[in-house]
Each structure stands twice: as structure tokens, then as C-alpha cells.
Amino acid sequence: MPISCTTSACQVKLPYNHFIDLQYQDYTRVISADCSKNLVVFTDDAGLIDQDDSLSGAYLSADNRRVGVFSSDDVALHWSECSRTYQELAWFFNASIGAGNRPASITVALRDSGESWVEAYSELTRCFSCFRWVTHVSHDINDDPFHDLADQITFGLLARSDRKIPIFPTADSTALTADFAETGSIPGQSGSTQSGIAWALMWHDAGCTYSCDNGATIKDWYQPDHIMLAAVGASYGFSDANYNWTAFMKPPQGWPGARTSTLSQNEIINVTGTAPSTGFMTDATRSVNVYVGSEANTSGFLEGITDNGYFIDDIAKRFAIEIDMMKAQLDFIHGATYNPGLTSEADLNKFDAIMLSKIQSYISKNIFPNRPPARIADNIDQYPDYKWSTRFSNIIAGGDGFAWVLARQPLDEQSVADQSQRFGPVYNLCFIGNRALHRPRIIICSTIKPSQIA
């Protein structure tokens, strides 16, 4: 019989997931191709593939030296909540992703059984070197302290020789607060020998603990300020449009849940080796970074500096420029069927063009300005730091009145010995950094006394 409907209607279609359950897992996540955004933390805790499966074996091993960790879920899956590795990585993922906070991921590298940290670092960098920042857990797998040990200095010196920036923890608040020129502490010893390591004073209060194993285990809490500070540095990428940054008073909104230092102002001066009125004290043996709070309810790190008195961002920018320049020139030489001889102006002009292109990119990233302020450019003879012509007679570009200069050794000045070793002419790139200024200075004047009012 015919069907009669008063209204027409579509046929209702249930979605696929009503019938079929499908889950998606992405195994293609990778660390950043921009090495300046990559942070490596060393641990001797291999963790497990799956905490529910003790037969799965180690998450890290001598054959698998590193893993990229992308979320707190990864941390919870692979490490016991009682391990320092778990706590410090979980703290890393507690912050939001972005400039001034942290990068998207962190690389965990293993120190295998019986190895020193230096040996572990050397093994890692044999096959993986694309990172700028390096640190380590504050305690080993047995929960013995791995901070304030001489091994840290050896480790840090090796990292610095590879153009890495080591940021290591210290908890020696007694020695550090006693005197800014002490050499008894590990940061003091490191700074007195100009190691160039960045130290972070971990917040530690014996009255603050944490529990794990459903409360069965209670441990002292050490706030991983070294992880926090390293995360701030790695949150800025040389591939970004702007690379003019500073670690001073970062993160911008503070680190989520972080406690600020309980030290007095004089103790802060001793620990950092820096006084608000004078800046870095010339006789300070070291500078240690401290997470502090202010009366304005802001918080962040002081001073963003290494133990030999250089700002962390200055070192990061210098390393980035050095590596970028070397890579550009190597790519040029490697890509030529007949390698440039560098014995003619035509060959050297190609090199000049590459360097000038790179300089323009550094200017666009605000690493250094194109020209200094007008008062300097217009009165260049009064500012010898910008008077490049007194240092170089073979300037290619830039020069007096610029914040940078590119000079090249003339071909006829090359020695026969250099040419016999196939050395090219020497280039000089000098620049004045576009450095952030941290502390405003304000003078308030009163021009009349109350007694002078009629």
C-alpha cells in the first residue's frame, strides 16, 4: 500500500563513532629544528616504558640515549612520581608554552650506570648536538644530591666548549649569602676560574615536603629553579622574528606555583654579586640567579647572568650568531661543484654578500641596531666605541656611525704560510648589541620648600 507522509524529512544518520571506536596516537612529534630552543636535562633514572608493565624495560638506555618529552602525561607514564626526574619534568610542564616561559618540549638524556656525567654528555653529543641549553636533575636515582659537587664544574666547562649554556642547580644558601666574594661554594669556585656556568639557587625550606606512593614516602622539596631558568632561555628561538630577549624578571607572569626566595635584600646582593645601585660588583667571584618577588606582586629571576659576569642572553646571542655564520659559509662551500678559491675579489664578493645578508637578518631580529642613536651618529668622534675606522682600514660595510662593521683582510696582506695551508682572508664582524636595560633610574625633585610658600 502507498505511504503517505504529511512532511518530508531527511534520513537521520548516526556518526561513525556510534558504531566504531577509534583512537589516534601521534608518534611523529619531534623536537625543534631550531637548536636554540632545545633544552637537554640529564638524568640517571631510565624510567620504564609503562609503569603497569615491569617487563617493558628501560625507557632510556645506552643504546637509546635521549627521548623527547612533550607533556606531563609522558612524564607520568614513564617515571615514578617519587623520582626527582618525575618532579622536575612535571614542574617544567606546569608552565604554559611560549616566549618567556618554556619551549614545547624537553629532551631527557641518560647517564648510564658507571658513567660520569661528562662521559654521558660525550656519548650524547656523538650523535646529537642540536641543543643550546643543558642542565641535570638535582638528585640521582638514589635521591642523593647531585648539586654543589665539583663534577658540575667539569661538566659545565665541557658544555661551554661546545657552545652550550649550562644552567646548574645549587642549594648552598649558607655560603652564598655569607659573602659575594667567597670561593668555598661550588658556584664560587666555578666563578673564580671563569667557568661561565649559569647557576640557579634552588628554593629549599626544610618545612616544605612532598609525598608520593599514596603518601607512604615523604621527601624534602627542592624547587627546580635551574629547570625553570633553562626553560626561560629555551623559550626564545633564533629562528623567531625577534631574538632580543633577557632572562631578567622572567617569566612575565611568574612561574606557576613557584615560591620566591626568603632571602633578605643584602643576602640577595651577596648571592647574585650584583647591587641595584652599582650593578655587577667587579670583585664578585660569581653570580647566582635567584627567583625573587617584589612589592608590586611580581616575580622572576635575578640577574639572568653567568658566574663570570656575562649576561645569559648575550652568550646565547653570540653562540647563535657564530653557529649561523659558520653554517652559512660551510653550506656555500659545500654546495659548490668547484670550491671557491678565495683568491680573487669575485670569490670574496660572494662571501661578502652572504655575510651582509646575515647581518641584515640579525638587525631584523633586534640583536643589534643598524645605527646607534642620532646623538652618537651625529657626533661620532666623541664615541670611540663606534669609531670603527680607528680599528679597521679595510671596511667593507657599516663603519663609523653604524652599530656594526664588516672588514676583510686584503688579499695582498695574506702570508704565504696561510695560503699554503689554504686559509682564506680574515673577516672581522664587530657590533654593539641591542641590549635590554633592566633598571630605570628616577630622580624626583622638589623646587620649593614649604616655608617659602607665602
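Summarised in this report is the structure supplied together with it. Keep in mind the model is a prediction, meaning the values are calculated, not measured. For every chain, the first residue of its written sequence is number 1, and the numbers climb from 1 along that sequence. This being a predicted model, a pLDDT of at least 70 is required before a residue's local features are given, and a value of 80 or more before pairs of side-chain atoms are given or counted; all residues contribute to the totals for chains, interfaces and linings. Water and hydrogen atoms play no part in the side-chain values, which are based on all heavy atoms of the structure.

1. A few points about the overall build of the protein chain
- Numbering of helices and strands starts at the N terminus; helices are DSSP runs of H or I of at least 4 residues and strands are runs of E of at least 2. Counting secondary structure elements, the protein chain contains 12 helices and 15 strands.
- Overall, the C-alpha framework of the protein chain stretches about 95 × 75 × 70 Å when taken along its three principal axes.
- To sort residues, take the accessible area from a 1.4 Å probe on protein chains only and compare it with the maximum for the residue type: under 20% means buried, over 50% means exposed, and anything in between is partly exposed. By the burial criterion, 45% of the 454 residues in the protein chain qualify as buried.
- The criterion used for residue contact is that any of the two residues' heavy atoms lie within 4.5 Å. Put simply, of all contacts in the protein chain between residues at least 6 apart along the chain, 66% involve residues at least 24 apart.
- In these tables, accessible area is a Shrake-Rupley quantity obtained with a 1.4 Å probe, and a residue counts as shielded only by the protein chains included in the view. A total accessible area of about 24300 Å² is found for the protein chain, and carbon and sulfur atoms account for 52% of it.
- Taking the average location of the 33 positive side-chain charges in the protein chain and that of its 51 negative ones, the two points are 9 Å from each other. Neither His nor the chain ends is counted toward charge; the positive residues are Lys and Arg and the negative residues Asp and Glu. Each charge is placed at NZ for Lys, CZ for Arg, CG for Asp and CD for Glu.

2. What to know about the state of the cysteines
- Cysteine sulfur atoms that come within 2.5 Å of each other are treated as a disulfide pair. This structure, assessed with the given rule, holds 2 disulfides.
- What pairs with cysteine 35 in a disulfide is cysteine 130, and their sulfur atoms sit 2.0 Å apart. Its torsion about the S-S bond being -105°, the disulfide of cysteine 35 and cysteine 130 is classed as left-handed. Of this pair, cysteine 35 sits in the segment before β1 (39-43) while cysteine 130 sits in the loop between α3 (117-127) and β4 (133-136); the two residues are 95 residues apart in sequence, bridging distant segments of the chain.
- With a relative accessible area of 21%, cysteine 130 lands in the partly exposed category.
- Disulfide pairing places cysteine 82 opposite cysteine 212 at an S-S distance of 2.0 Å. Sign of the S-S torsion, about 110° for the bond between cysteine 82 and cysteine 212, identifies this disulfide as right-handed. Residue cysteine 82 is found in the loop between α1 (72-78) and α2 (84-92), and its partner cysteine 212 is found in strand β7 (residues 203-212); the two are separated by 130 residues along the sequence.
- Owing to a relative accessible area of 1%, cysteine 212 belongs among the buried residues under this scheme.
- The disulfide pattern of the protein chain is 1-3, 2-4 when the bonded cysteines are numbered in sequence order.
- No disulfide involves cysteine 127; its nearest neighbouring cysteine sulfur is the one of cysteine 130, lying 14 Å away.

3. Describing helix α10 (residues 345-364)
- Multiply 1.5 Å by the residue count of a helix minus one, and that product is the helix's expected span. Helix length check: α10 (20 residues) gives 28 Å between terminal C-alpha atoms against 28 Å at 1.5 Å per residue, within 8%.
- Of all the positions in α10, only Asp347, Leu348, Phe351, Asp352, Ile354, Met355, Ile359, Tyr362 and Ile363 are classed as buried.
- In this structure, the buried side of α10 is in contact with α9 (312-334), β13 (395-398), β14 (404-408) and β15 (427-431).

4. Observations concerning the pairing of β4
- Taking every second residue as pointing to the same face, both faces of β4 are buried, with Trp133 and Thr135 on one and Val134 and His136 on the other.
- Here, any two strands with at least 2 DSSP bridges between them count as paired. Two strands pair when backbone bridges link them, and β1 and β4 are joined in this way by 4 bridges, in the parallel orientation. Note on β4: the bridge partner recorded for phenylalanine 42 is histidine 136.
- As paired elements, β4 and strand β5 (residues 165-170) share 2 bridges and run parallel to each other. Paired with valine 134 across the strands is proline 166, a residue of β5.
- Handedness of a crossover is defined as follows: with both strands directed away from the viewer, a clockwise route from the first strand across the helix to the second makes it right-handed. Note on the crossover from β4 through helix α4 (residues 150-161) to β5: the handedness is right-handed.

5. Focus on the packing of aromatic side chains
- A pair of Phe, Tyr and Trp rings is counted when the ring centres sit within 6.5 Å of each other, with Trp represented by its six-membered ring. The angle between the planes then sorts it: under 30 degrees is stacked, over 60 is edge-to-face, the rest tilted. Across all of its chains, the model carries 22 aromatic pairs by this definition.
- Where tyrosine 362 meets phenylalanine 368, the ring centres are 6.3 Å apart and the plane angle is 65°; that geometry is what we call edge-to-face.
- For tyrosine 362, a relative accessible area of 0% corresponds to the buried category.
- Relative to tryptophan 404, the ring of phenylalanine 402 has its centre 5.8 Å away and its plane inclined at 75°; by these criteria the two rings are edge-to-face. Judged on exposure class, the residue phenylalanine 402 and its partner tryptophan 404 are both buried.
- Ring-pair connections join several aromatic residues into one group, and the members of that group are Trp133, Tyr236, Phe238, Tyr243, Trp245, Tyr362, Phe368 and Phe431.
- Lysine NZ or arginine CZ positioned within 6 Å of the ring centre and within 35 degrees of the ring normal marks a charge as sitting over the ring. If you follow lysine 365 out to its NZ or CZ, it ends over the ring of phenylalanine 238, 5.4 Å from the centre.

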